[in-house]
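So you can see what is in the structure, the chains are spelled out below.
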Amino acid sequence: IFDTSMMIYSSFFDVNENGDATLSIYPNPSRGEVTVSWRDIEEVHVIDILGQRLASYKFGKVESCEINIGSLAHGVYVLEIVSTDGKAYRPVVRGD
């Protein structure tokens, strides 16, 4: 039996419409504040494992922004980062 779960996970989180590798999220895991750095960030959405949007942040084409995940339960979430260059999806962990 061939386990494809890791390939699906890896493929999903490597999605980046414009192929840019300069996106960074830190610290990850985090207890609260998370910094997202990329070009011309317009929006960041926090999505749970069921695909529900839990929070949305709007910015005015910034290079770096901070979002707070401290009020979320411990676990893995997905950040949808919207830029003038496209969208990217990255995991973020709310930890201790």
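Residues numbered from 1 in each chain as written. Predicted model: local features only at pLDDT ≥ 70, side-chain atom pairs only at ≥ 80, totals over all residues. Heavy atoms only, no water.

Q: Help me out: how do you make sense of the side chain of serine 30 in this one?
A: Examined against the element boundaries, serine 30 turns out to sit in the loop between strand S1 (24–26) and strand S2 (33–47). Here glycine 32 takes part through its backbone nitrogen, which lies 3.0 Å from a polar atom of the side chain of serine 30. Polar side-chain contacts of serine 30 include one of 2.9 Å to the backbone oxygen of glutamate 33. Among all residues touching serine 30, those that are not within four sequence positions of it are Ile69, Val93, Arg94 and Gly95. (Helix = DSSP H or I, 4+ residues; strand = E, 2+ residues; numbered from the N terminus. Polar contact = N/O pair within 3.5 Å; in protein donor to acceptor, adjacent residues only side chain to side chain. Contact = heavy atoms within 4.5 Å.)

Q: Got a minute to help me understand the environment of tyrosine 77 in this structure?
A: Looking at the element boundaries, tyrosine 77 is found in strand S4 (residues 75–83). Measuring from C-alpha to C-alpha, the distance between tyrosine 77 and valine 93 comes to 6.2 Å, with 16 residues separating the pair along the chain. Ignoring sequence-local partners within four residues, the contact set of tyrosine 77 consists of Val46, Ile47, Asp48, Leu54, Leu72, Arg90, Pro91, Val92 and Arg94. Within the local environment of tyrosine 77, its side chain forms a polar contact with the backbone oxygen of alanine 73, the two atoms lying 2.7 Å apart.

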